[in-house]
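Secondary and tertiary structure notes
Next come the chains, spelled out residue by residue.
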Amino acid sequence: MSVFTFGGGHECECGRRLNNAYTTFEDDAEQTARDKMFKVWEPKWSMEYPTAEEAGTERFGMTYFETNTTDPARCRCGAGTPPAAAPEPDPVVRTGMWWFGESWGAPICDPRTHIVLNSGHECFACKRDLHEGDRGFVVAHVDALEGVARLPWHRDCFLQSLGISV
Ligand SMILES: [Zn+2]
Ligand SMILES: [Zn+2]
């Protein structure tokens, strides 16, 4: 058996900090304890010792945990659950273009990307207020400093900006 200790800056994906914690692995015919440790924790641990005594687990008040290698619903330290993977965004929504108003029958008029625009917005292009009943797009504008802003456009203003006569 080998004893593996963790130090400051090491943590489990559940968010638990592993400084002053240790885990153990047994050698077997196929893999050494060290190989098993690397397989699960990569190089993100501190020291290997042949015994708990040499690691000083009692002296330093270290916390033992059994590394979880069998239950995929638990994190590696076994204390929590791994963070849920973010759901794949809807491929239509991901394109970043929404539309509002009544459908005008274009392919962009997908019900999944239809939104109701609240009052108080102006068109990005002509700066006139958008009114109930207007049709248009909400377009993601990417700015290196500000990140992504979604700004509404009149449908016709947007199409004109693309050189499409309306
Ligand atoms: Zn954990
Ligand atoms: Zn406009």
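Residues numbered from 1 in each chain as written. Chains lettered and ligands numbered in written order. Predicted model: local features only at pLDDT ≥ 70, side-chain atom pairs only at ≥ 80, totals over all residues.

1. Some points on unusual backbone geometry
The criterion, for reference: Strands here mean DSSP runs of E at least two residues long; helices mean DSSP runs of H or I at least four residues long; both are numbered from the N terminus.
Notably, glutamate 42 is not glycine yet its phi reads approximately 55°, a positive angle. Within the element layout of this structure, glutamate 42 appears in the loop between helix H1 (33-41) and strand E3 (47-49). The phi torsion at lysine 127 lies on the positive side, around 65°, for a residue other than glycine. Of note, lysine 127 is situated in the loop between strand E5 (97-100) and strand E6 (136-143).

2. Examining the nonpolar core
Threshold: A set of buried residues qualifies as a nonpolar core if it consists of Ala, Val, Leu, Ile, Met, Phe, Trp, Tyr and Cys joined through C-beta atoms within 7 Å. Around each residue's C-beta, the other C-beta atoms within 10 Å are counted; 20 or more make the residue buried, 12 or fewer make it exposed, and counts in between make it partly exposed. All C-beta atoms are placed from the backbone. By the convention adopted here, residues make contact when the C-beta atoms placed from their backbones lie within 7 Å.
Ranked by size, the top nonpolar core spans 11 residues in total: Val3, Phe4, Phe6, Cys12, Leu18, Ala21, Tyr22, Phe25, Met37, Ala55 and Cys77. Broken down by secondary-structure element, the contributors of at least two residues to this core are strand E1 (2-5) and strand E2 (21-25). The element contributing the most residues to this core is E2, with 3 residues. In this view, leucine 18 contacts Phe6, His10, Glu11, Cys12 and Cys77; residues no more than four positions away in its chain are not counted.

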